[in-house]
Amino acid sequence: MDLVAARERLSQVPDPEIPAVTLMDLGIVRDLRATDAGLEVVLTPTYSGCPATELIADDVRAALAGFGAVTITLQRVPAWSTDWISAAGRVKLQHYGIVPPQCRAEQSIRVVPRLRCPRCDSGATQQLSRFGSTACKSTWRCIDCGEPFEYFKPF
Amino acid sequence: MAMDVKTQYLLRLADTCLIHSQRLSEWCGHAPVLEEDLALSNIALDLLGQARALLTYAGQLEGAGRDEDQLAFLREERDYRNIILVELPNAAASSSDDGGGGGGRDFALTTLRNAAVAIWLELLYERLQTSGDAELAGIAAKSLKEVRYHRQHSSDWVVRLGDGTDASRARMRAALAVLWPYFNELFAAQGVEGFGPAWSELEADWRARWATLMAESTLALPRDSAMQPGGIDGVHSEHMGHLLATMQHLQRAYPGGVW
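Position numbers for residues count from 1 along each chain, tracking the sequence in the order it is written. Chain letters and ligand numbers both follow the written order, the letters beginning at A and the numbers at 1. Reporting in this predicted model follows two pLDDT cut-offs: at least 70 for local features of residues, and 80 or more for side-chain atom pairs to be given and counted; totals over whole chains, interfaces and linings ignore these cut-offs and use all residues. Hydrogens and water molecules were not included; the side-chain quantities draw on all heavy atoms of the structure.

To continue, consider the domain arrangement of chain A. Residue and element names in this part refer to chain A. An automatic or database domain assignment supplies the start and end points of every domain. Looking at chain A, the domain boundaries give domain 1 (3-80) and domain 2 (87-152). Contact between two residues is taken to exist if any of their heavy atoms lie within 4.5 Å; hydrogens are not considered. Between domain 1 and domain 2, the contact holds ten residues from the first and eleven residues from the second. Both sides of the domain 1 and domain 2 interface together cover about 840 Å² of buried area, and 76% of this is carbon and sulfur. Per-residue buried area on domain 1 facing domain 2 is highest for Ile18, Ala20 and Tyr47; these three make up 50% of the total on that side. When a carboxyl oxygen of Asp or Glu is within 4 Å of a side-chain nitrogen of Lys or Arg, the pair counts as a salt bridge. Applying the counting rule to domain 1 against domain 2 returns one salt bridge. Between Asp25 and Lys92 there is a salt bridge, with the nearest N and O atoms lying 2.6 Å from each other. Broken down by class, the residue content of the side of domain 1 that touches domain 2 amounts to seven nonpolar, one polar and two charged. When two parts are brought into contact, each loses some accessible area as probed by a 1.4 Å sphere; the total of that loss over both is the buried area. Polar here means any residue outside two lists: the nonpolar Ala, Val, Leu, Ile, Met, Phe, Trp, Tyr, Cys and Pro, and the charged Asp, Glu, Lys and Arg; Gly therefore counts as polar.

This is the structure in structure tokens:
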């Protein structure tokens, strides 16, 4: 069994809801290891109610078809955090039009951050809702260019 | 047969999340603005996720082979352990309808209830994340991050509407008068040593936070009432059967149906 090749294949699996980033970029894949029963992939779900959790497990299984038996383990502890999003992942999010988290998860969520528009870089932006098209994002708009955009909430 | 105390503790929390989620999901497609539609649906989804984890674990502790779906969809009304507060319709008889007909939805009542439950869940999960039970502690640590956003969002609305126009304040006051007696049940459940605290341990903190929120909202606290809890022992309001009829319809009509 080629763990390196399997890891390479796994690293290409996109997130089903934000395909600009991979599951590894987001820190959802916690481990890939060889066991007596084949490969074991440890996944940490993002939000409790994230409807993509089952789909992500299916995508991982599909990507690793050909590497023998694959077991998916869902690990809740420690809880997933946006601190685990990789530097590369943050850049990809920004280019995709989603502003990555601007502070570490433990920092207060009481303060509404000042965001720059990911399209025109204007600092004149406004939060429209703390919630967005997926559980992990809030909805914003740029007052200068008029475009709506999303913010990946620190979590 | 007496239920194991840990299973009962989990079901009281799990069912409260589940039924609260069910009521919130009735707003999907009906909220006053699109952003709020997204918010209420997202909160409902988080709560449903929490309920799934808690029900799954309750089923394992119960040891009767029941999974989350069987617990969520195939129990009888008397077997649900949620607090009555969350099963109340989104518009109480004395509060306004949304004007669109249908089931009736009062955003004031929904907002107040969301804030009350979110503050309570935040306090409970804060304690449960250090539970001696690793599984429950893990569920709580994760859920805590979610309910902080719920608390923040709903509290903002309570302030905006309470300290808003004459019309919004009047509706908030009416909704608070309806809900207030039901808040008693938030502190009614017994604790389980090394597992989860008695809910009464949350009461002082909850009341302090609620008083702060009411002061910010310029809403007066109603007089305390002697309303007795019932939901946590399976004695529900007349609304519960209707809610379950809707929620359980598919599994009752097509037993064992899966996606």
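Residues and elements named next belong to chain B. Between its first and last C-alpha, helix α5 (residues 134-162) extends 40 Å over 29 residues, near the 42 Å set by a 1.5 Å rise per residue. Where α5 bends most, the angle comes to about 30°, and this point is Leu144. Across the 29 residues of α5, 21 count as buried, placing the element largely inside the fold. We count a stretch as a helix when DSSP gives it H or I for four or more residues in a row; a strand needs E for two or more, and each element gets its number in order from the N terminus. For a helix, the expected span equals 1.5 Å multiplied by the number of residues minus one. Fitting axes to the seven residues ending at a residue and to the seven starting there, one defines the bend at that residue as the angle between these axes. Whether a residue is buried, partly exposed or exposed follows from its accessible area with a 1.4 Å probe, protein chains only, as a fraction of its type maximum: under 20%, in between, or over 50%, in that order.

This brings us to the packing of aromatic side chains. All names here are of chain B. In this scheme Phe, Tyr and Trp rings, the latter by its six-membered ring, pair at centre separations within 6.5 Å, and the angle between planes marks the pair as stacked below 30 degrees, edge-to-face above 60, and tilted otherwise. Summed over the entire model, instances satisfying the criterion amount to 14 aromatic pairs over all chains. Both rings, one in Trp180 and one in Phe183, keep their centres 5.7 Å apart while their planes meet at 75°; by these two values the pair is edge-to-face. Seen from their ring centres, Phe183 and Trp210 are 5.4 Å apart, and the 75° between their planes marks the pair as edge-to-face. Of the two residues, Phe183 is situated in the loop between α6 (166-179) and α7 (203-217) and Trp210 in helix α7; the sequence distance between them amounts to 27 residues. Judged by relative accessible area, which is 1%, Trp210 ranks as buried. Connected via pairs of aromatic rings, a cluster forms that spans Trp180, Phe183, Phe187, Trp206 and Trp210. We call a charge positioned over a ring when the NZ of a Lys or the CZ of an Arg lies within 6 Å of the ring centre and within 35 degrees of the ring normal. The lysine or arginine in question, Arg75, covers the ring of Tyr80, its NZ or CZ lying 4.3 Å from the ring centre. When the ring centre of Trp157 is taken as origin, the NZ or CZ atom of Arg160, which lies over that ring, is 4.4 Å away.

With that settled, consider the sheet that holds strand β7 (residues 148-152) of chain A. All names here are of chain A. Pairing between strands requires that DSSP locate at least two bridges from one strand to the other. Across the sheet, four strands lie side by side as β4-β7-β6-β5; this open sheet has mixed pairing. With partners counted over all chains shown, the strands left at the sheet margins are β4 (98-99) and β5 (125-129), one partner each. As paired strands, β5 and strand β6 (residues 137-142) are joined by four bridges and run antiparallel to one another. By the bridge assignment, Gln127 is partnered in β6 with Trp140.

Moving on to the UniProt feature "domain: PaaD zinc beta ribbon" (unreviewed entry) in chain A. Annotation from UniProt places "domain: PaaD zinc beta ribbon" (unreviewed entry) at residues 112-153 of chain A. Helix makes up 0% of residues 112-153 of chain A and strand 38%, with an end-to-end C-alpha separation of 10 Å. UniProt positions are given in the numbering used here, feature names are shortened, and annotations may be inferred rather than shown by experiment.

This brings us to the pattern of salt bridges. Under the definition given, this model contains 23 salt bridges over all chains. When the shortest N-O distance is used, the salt bridge between Glu135 of chain B and Arg76 of chain A registers 2.8 Å. Of this pair, Glu135 of chain B sits in helix α5 while Arg76 of chain A sits in the loop between β3 (70-74) and α4 (87-96), which puts the two residues in different chains. In this structure Glu135 of chain B comes out as partly exposed when scored by relative accessible area, which is 31%. Residue Asp83 of chain A is joined to Arg104 of chain A by a salt bridge in which the shortest nitrogen-to-oxygen separation is 3.4 Å. Of this pair, Asp83 of chain A sits in the loop between β3 and α4 while Arg104 of chain A sits in the loop between β4 and β5, and the two are 21 residues apart along the sequence. For Asp83 of chain A, a relative accessible area of 25% corresponds to the partly exposed category. A single salt-bridge network, built from bridges that share partners, covers Glu122, Arg148, Arg151 and Arg209 of chain B.

When the parts come together, some accessible area is lost, and that loss is often what is quoted as the size of the interface. Each partner contributes to the interface: chain B provides 25 residues, whereas chain A provides 25 residues. Carbon and sulfur atoms supply 56% of the area buried between chain B and chain A, which totals about 2,300 Å² over both sides. Salt-bridge contacts for Glu54 of chain A lead to Arg52 of chain B; the nearest nitrogen and oxygen are separated by 3.0 Å. When residues of the side of chain B that touches chain A are traced back to their parent elements, those giving at least two are α2 (34-62) and α5 of chain B. Top contributing element to the side of chain B that touches chain A by residue count: α5 of chain B, with 14 residues.

Attention now goes to the state of the cysteines. Residues and elements named next belong to chain A. Defined by distance alone, a disulfide is two cysteine sulfur atoms within 2.5 Å. Throughout the structure, instances matching the rule amount to zero disulfides over all chains. Cys50 forms no disulfide, and the closest cysteine sulfur to it belongs to Cys136, at a distance of 6.9 Å. We note that Cys117 lacks a disulfide partner, and the nearest cysteine sulfur, in Cys120, lies 3.8 Å from it.

Within a sheet, each strand pairs with its neighbour through backbone hydrogen bonds, oriented either parallel or antiparallel. Residues and elements named next belong to chain A. Strand order in the open sheet formed by three strands is β1-β2-β3, and the pairing between neighbours is mixed. One side of each edge strand has no neighbouring strand; the edge strands of this open sheet are β1 (29-35) and β3. Sheet twist, expressed as the mean angle between neighbouring strand axes with direction ignored, is 20°. Summarising the sheet, β1 and strand β2 (residues 38-43) pair through six bridges and their orientation is antiparallel. Directly across from Val29, in β2, lies its bridge partner Leu43. Inter-axis angles, ranging from 0 to 180 degrees, are taken between N-to-C directions of lines fitted to C-alpha atoms, where helices are fitted over the stretch in contact.

Cis peptide bonds are those with omega within 30 degrees of zero, and the linkage from Val77 of chain A to Pro78 of chain A qualifies with -10°. In this structure, Pro78 of chain A sits in the loop between β3 and α4. One non-glycine residue, Asp121 of chain A, lies in positive phi territory at about 70°. Structurally, Asp121 of chain A can be placed in the loop between β4 and β5. With a relative accessible area of 46%, Asp121 of chain A lands in the partly exposed category. If you check the backbone angles, Thr218 of chain B has positive phi at about 55° while not being a glycine. Here Thr218 of chain B lies in the loop between α7 and α8 (239-253).

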